[in-house]
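Examining the three-dimensional arrangement
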Amino acid sequence: MKYQSTRDNQKNKIESAEAIKQGLANDGGLFVPDEIPSLSTDDIKALCPLSYPERAANVLSRYLTDYTYEELLADCKAAYSEKSFVGGAAPVKNIHDNIYSLELWHGPTAAFKDMALQIMPRLLSRALVKTGEERTALILVATSGDTGKAALEGYKDIDRVKIMVFYPTGGVSRVQKLQMATQEGSNVNVCAIRGNFDDAQSNVKKIFADSDMAKALDENGYFFSSANSINWGRLVPQIVYYISAYCDLVNDGKIRLGDEINFCVPTGNFGNIFAAYLAKLMGLPIARLICASNMNNVLTDFLENGTYDRNRAFHLTMSPSMDILISSNLERLLYFCAGADETASYMKSLAESGKYTVSADVKTKIDELFSGYYADENETAKTIKETFEKYGYLCDTHTAVGVSAAERYCSDNNDTRVTVVDSTASPYKFAADVYTALGKDAPADQLDALDALSAYTDTEIAYPLRGLGERKVVFDKVIDADEMPAEVLKFAK
Ligand SMILES: *Cc1c(COP(=O)(O)O)cnc(C)c1O
C-alpha cells in the first residue's frame, strides 16, 4: 500500500514509513492511503478472540505494508501493555439502553491521545531505520497542557528520538504542570516559558522554520520532527478501537456479527471520527457516524448546510480539547468524497477567506453517513449530572458532549441500534468541572478536587493522576521565550 497527498492529482506515491517520517506533504496536504484494505465478516470474526495488541497489529499490518507483522506486533504489545493501560486498552461499557461508552482513556495520561501517542513514536523510530535516516529526530512541542504530557509519555525512552516540551507559565493548570515537571525518561526535556501559549507556540514554529537552527542541529546529528496530530502515524492506530469495540460487543452478545451500529465521536480536529470513517470504508458495519461538537460548532453547521466557515467567535469551554475552529483532518474526508483537485481548491478557499462550500455531490455523500450535533455548556453540565444520577456512569466534559449528541440523535431518528460514544478523557482529567457539574462547589486546589470527586462519586482516581503531589519534580526551569533556541541547542548535543 502506498500513500499520497490529499492535494496531489499527479498521485505521487510513497511508502508509509516515509509518510510517517515526513508528517505533512510538501504541498501542504495530508497523507492518505491509495487504497482501502477490506475487512470481511470473516476477518472480524477472526479478530474477536484476540487481545487488543493482536487486533491492533492485524489492523495496522493492512495499512503499514512496509512494516513486518512481527515488528507491528512487538510495537503494539509494548504500546498497549497492561502496565500502561490499566483496565484494558479500550473497554466498552454500557451507559443505558442502547448507549455505550468506548473508554479510550486508560493509558498513561488518562486521555485518548495516548491511544495514538503510545504507538506512533515506535512507528517513527522504525521509519527512520527503514528510510535510511541516520540522524536522531528531535521532537519539539508547544503545549497548552495535555498534548505535551501525552507526547512525553509516548516518546520517553524510544530509540533515535528525543523530545522537548515547552509550556507557558500562564495557562496550564497545576495538575498539568505537575504532570510535566515530574516526567521520567532519559530522552526528555521540559521547559516553562514566561508568557502564554501563543508565545510558546509561535517560537516553536520559528525554530522549526529557522535554517541556521536546522544546520546547527544537523551538525550534531539531529533533525526536527513534530508530534502533530495530522501525521498518518497518529491516525492509523485510531482505526483499531472501532473494530475492537465491535468485536467486544459481539463477544458480549450485545450484537450479532454483521449487525450495524453507530459511533458518536466528541470531535475537535476530526482525526478520531475520520478513523471511524476509514473503519466503515474497510467494511465494519457502521450505520451512522455522529459528530459531536461543543459551542465551537463549526462542524455541526458544515454537516447541516455544506459550508465550512471559521469566521466566527471562538469560545473557551469546559471541553477545551474540542475548542477548535479549523478541523485539519476534515481535509482527508473531502479527499475521499471529492478527489485531490477539488480538495485543493476548498483548502485554498479556506486559507484565503476562512470558508468554503462543498458541491451538492460531496454534500450528499457526507449526508449518507454523518450527522452533526452540538452541546452548549449548560447541556454538557446537565448531561454529566443526569448520566451519573440516573445511570451511575461518570463521564468527563468531552464525553458528556458525545453522550448528549448520541441521545438526541437516537431519539430524533427513532434509532435503537447500539450507539457507541467515544469516551475521550477520564472524568479525573477535568475533575473540578465535573464536580461542579454534579452540583457541588469545587475546592480551589485542583488536587483537592480529585479527592472530592472520588469521595462524592465513590469512584477511583485514574492511576496517572494519583499521588501527583508527592512525585519528584525533575524539571523546574523557567526561561524567556527568546532563550528557547539556545535551550534547544543545548539539548541537541
Ligand atoms: C483531542 C481530543 C478530542 C478531539 O479529538 P480529534 O481527533 O481532534 O477530533 C476530544 N476529546 C479529548 C479529551 C481530546 O483530548
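Scroll up to find the structure this text is about.
Here the structure is a predicted model, which is why all the values come from computation and not from measurement. (Residues numbered from 1 in each chain as written. Predicted model: local features only at pLDDT ≥ 70, side-chain atom pairs only at ≥ 80, totals over all residues. Heavy atoms only, no water.)

1. So, the site of the ligand
- Near the ligand, the surroundings consist of 14 residues, among which Lys 113, Gly 268, Asn 269, Asn 272 and Thr 424 are the closest.
- One nitrogen or oxygen atom from the main chain of Asn 272 is found 2.9 Å from an oxygen atom belonging to the ligand.
- Thr 424 is positioned with one of its side-chain polar atoms (N or O) 2.8 Å from a nitrogen atom of the ligand.
- Against a free-state accessible area of 380 Å², the protein chains account for coverage of 94% of the ligand. (Near = heavy atom within 4 Å. Polar contact = N/O pair within 3.5 Å; in protein donor to acceptor, adjacent residues only side chain to side chain. Areas by Shrake-Rupley, 256 points an atom, 1.4 Å probe, with all protein chains shown as cover.)

2. What to know about the sheet that holds strand β4 (residues 99-103)
- Pairing within the open sheet is mixed, and its 6 strands lie in the order β3-β4-β14-β9-β10-β13. Here the strands that pair on one side only, and so sit at the sheet edges, are β3 (92-96) and β13 (370-374). Direction aside, the axes of adjacent strands within the sheet are offset by 25° on average.
- Where β3 meets β4, 4 bridges bridge the pair, whose relative direction is antiparallel. The residue of β4 that forms the bridge with Val 92 is Leu 102. (Pairing = 2+ DSSP bridges. Helix = DSSP H or I, 4+ residues; strand = E, 2+ residues; numbered from the N terminus. Axes fitted to C-alpha atoms, helices over the stretch in contact; angles between N-to-C directions.)

3. Thoughts on the sheet that holds strand β8 (residues 222-225)
- Pairing in this open sheet of 5 strands is parallel, and the strands run β8-β5-β6-β7-β15 from one edge to the other. Both edges of this open sheet fall to β8 and β15 (478-479), since each of them pairs with a single strand only.
- Where strand β5 (residues 136-142) and β8 come together, 4 bridges link them in parallel fashion. Across the sheet, Ala 137 pairs through a bridge with Phe 223, a residue of β8.
- Strands in contact with helix α9 (residues 197-209) are β5, β6 (161-168), β7 (188-193) and β8; relative to β5, the strand with the most contacts, it is inclined by about 155°. (Contact = heavy atoms within 4.5 Å.)

4. Details of the pattern of salt bridges
- With the rule as written, the count across this model stands at 28 salt bridges.
- Across the pair Lys 21 and Glu 133 runs a salt bridge, and its minimum N-O distance is 3.1 Å. In this pair, Lys 21 sits in helix α1 (residues 16-22) while Glu 133 sits in the loop between α6 (120-130) and β5, placing the two residues 112 residues apart along the sequence.
- When the shortest N-O distance is used, the salt bridge between Glu 71 and Lys 130 registers 2.8 Å. (Salt bridge = Lys/Arg side-chain N within 4 Å of Asp/Glu carboxyl O.)

5. Some details on the pairing of strand β10 (residues 286-293)
- The buried count for β10 comes to 8 of 8 residues, which makes it a mostly enclosed element.
- Bridge count for strand β9 (residues 261-266) against β10 is 5 bridges, and the pairing is parallel. Bridging from a neighbouring strand, Pro 266 pairs with Ala 292 of β10.
- Considered for its hand, the β-α-β crossover made up of β9, helix α12 (residues 271-282) and β10 is right-handed.
- Relative to β13, β10 runs parallel, the two being bridged by 5 bridges. Across the sheet, Ile 290 pairs through a bridge with Ser 371, a residue of β13. (Buried < 20%, exposed > 50% of the residue type's maximum accessible area, 1.4 Å probe, protein only. Right-handed = clockwise from strand over helix to strand, strands pointing away.)

6. Regarding the packing of helix α11 (residues 232-251) against α12
- Direction vectors running N to C along α11 and α12 enclose 60°, while the axes themselves pass 8 Å from each other. As far as their axial angle goes, α12 and α11 are oblique. The handedness of the crossing between α11 and α12 comes out as right-handed. The residues of α12 that touch α11, namely those facing Trp 232, Leu 235, Gln 238, Ile 239, Tyr 241, Tyr 242 and Ile 243, are Gly 271, Asn 272, Ile 273, Phe 274, Ala 275, Ala 276, Leu 278, Ala 279 and Met 282. (Parallel < 35°, antiparallel > 145°, perpendicular 65-115°, else oblique. Left-handed = near helix turned anticlockwise from the far one by under 90°.)

7. Some words on the environment of Glu 134
- With respect to the secondary-structure elements, Glu 134 resides in the loop between α6 and β5.
- A relative accessible area of 75% means that Glu 134 is categorised as exposed.
- C-alpha separation for the pair Glu 134 and Gly 221, spaced 87 residues apart in sequence, amounts to 7.8 Å.

8. Examining α12
- The end-to-end C-alpha distance of α12 is 17 Å, a good match for the 16 Å that 12 residues give at a rise of 1.5 Å each.
- Burial analysis of α12 places 10 of its 12 residues in the buried class, which makes it a mostly covered element.
- Considered for burial, the residues of α12 that qualify are Gly 271, Asn 272, Ile 273, Phe 274, Ala 275, Ala 276, Tyr 277, Leu 278, Ala 279 and Met 282.
- Positive phi shows up at Gly 283, right after α12, with a value of about 130°. (Expected span 1.5 Å × (residues − 1).)

Everything listed here is a matter of coordinates, which is why it stays silent on function.
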